[in-house]
Amino acid sequence: MTLARTLLTLSPLERGADAALLAMRVGVGSFLVFGVWDNVTSAEHMAEFVSFLARFGFPYPHLLAPFDVWVQFALGVAFVLGLLTRWAGLLCAVNFIVAIAMVDHHAGWRGSFGSMCLVLIGLYLATRGPGAFSLDRLLFREDRGFARRL
C-alpha cells in the first residue's frame, strides 16, 4: 500500500478496532448504569420516575419504572463485561426506540439525539458483537466455553 493511500484511508487504525469497541462498550455501559443508579439506590428517585412515566402516558408506570431501571442497569453491566452483547444491543435499541416514541420526540430532533445514539449503538453492538475483549468471546468461542458443551 502506498504512503498516500495509507494517509488517506488511515487503514493502520484497524489494528485498534477491538480496543475502540471495548472503549465504546465500557463508556456506554457506564453511562447506562450511572443514569439509573439514583433510581436503584433511592425509593424517592424511583417514585419520581414512576410519576414521570405516568405523565407521559406509559401503562402501569408503577411496574414499568422499576422494570425499565433494572433493564437499563443490566444492559450497562452486559455492555461493560461484553456478556450477551448482541442481546443487550437489541434490547438497548428497543428500549430507546420506546423512549423516543413516548417521550423524546416532544423535544424535537435535539431532544431525541441521545436516545437515537443509544438506538444506533445498540444496533451496532447487536450486529457487530462485542469484539475480542469480552466475556462473550471467552465463553462462547467454538473451541472452548459453553459453545463446546452445547
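Residues numbered from 1 in each chain as written. Predicted model: local features only at pLDDT ≥ 70, side-chain atom pairs only at ≥ 80, totals over all residues. Heavy atoms only, no water.

K.L.:
What should I look at first to understand the environment of G89 in this one?
P.N.:
Tracing the sequence through the fold places G89 in helix α5 (residues 85–102). Relative accessible area serves as the criterion here: at 0%, G89 is assigned to the buried category. Sequence spacing of G89 and L118 is 29 residues, and the spatial spacing of their C-alpha atoms is 9.0 Å. In this structure, G89 is in contact with F79, G122, L123, L125 and A126, ignoring residues within four places of it in sequence. (Helix = DSSP H or I, 4+ residues; strand = E, 2+ residues; numbered from the N terminus. Buried < 20%, exposed > 50% of the residue type's maximum accessible area, 1.4 Å probe, protein only. Contact = heavy atoms within 4.5 Å.)

K.L.:
How should the packing of helix α2 (residues 17–41) against helix α3 (residues 43–55) be read in this particular structure?
P.N.:
When two helices pack together, their arrangement is given by the angle between the helix axes and the distance between those axes. For the pair α2 and α3, interaxial distance at closest approach is 5 Å and the crossing angle is 110 degrees. Classed by the angle they form, the pair α2 and α3 counts as roughly perpendicular. Two secondary-structure elements touch here, α2 through D38, N39 and T41 and α3 through A43, H45, M46 and F49. (Axes fitted to C-alpha atoms, helices over the stretch in contact; angles between N-to-C directions. Parallel < 35°, antiparallel > 145°, perpendicular 65-115°, else oblique.)

K.L.:
Sorry, what's going on with the pattern of salt bridges here?
P.N.:
Oppositely charged side chains can form a pair if their charged atoms are brought close together. Inspection of the entire model under this criterion finds 1 salt bridge. Between R128 and D18 there is a salt bridge, with the nearest N and O atoms lying 3.8 Å from each other. Taken as a pair, R128 in helix α6 (residues 108–128) and D18 in helix α2 lie far apart in primary sequence, 110 residues in all. Classification of R128 by relative accessible area gives partly exposed; the value is 33%. (Salt bridge = Lys/Arg side-chain N within 4 Å of Asp/Glu carboxyl O.)

K.L.:
Whenever I open this one, α6 confuses me. Can you help?
P.N.:
At 3.6 residues per turn, the α-helix brings residues three or four places apart onto the same side. Between its first and last C-alpha atoms α6 spans 29 Å; for 21 residues at 1.5 Å apiece the expected length is 30 Å, and the two agree. A bend of about 45 degrees at G114 is the largest found in α6. Within α6, the full set of buried residues consists of S112, S115, L118, V119, I121, G122, L125 and A126. Residue G129 follows α6 closely and has a positive phi angle near 90 degrees. (Expected span 1.5 Å × (residues − 1). Bend = angle between axes of the 7 residues up to and from the residue.)

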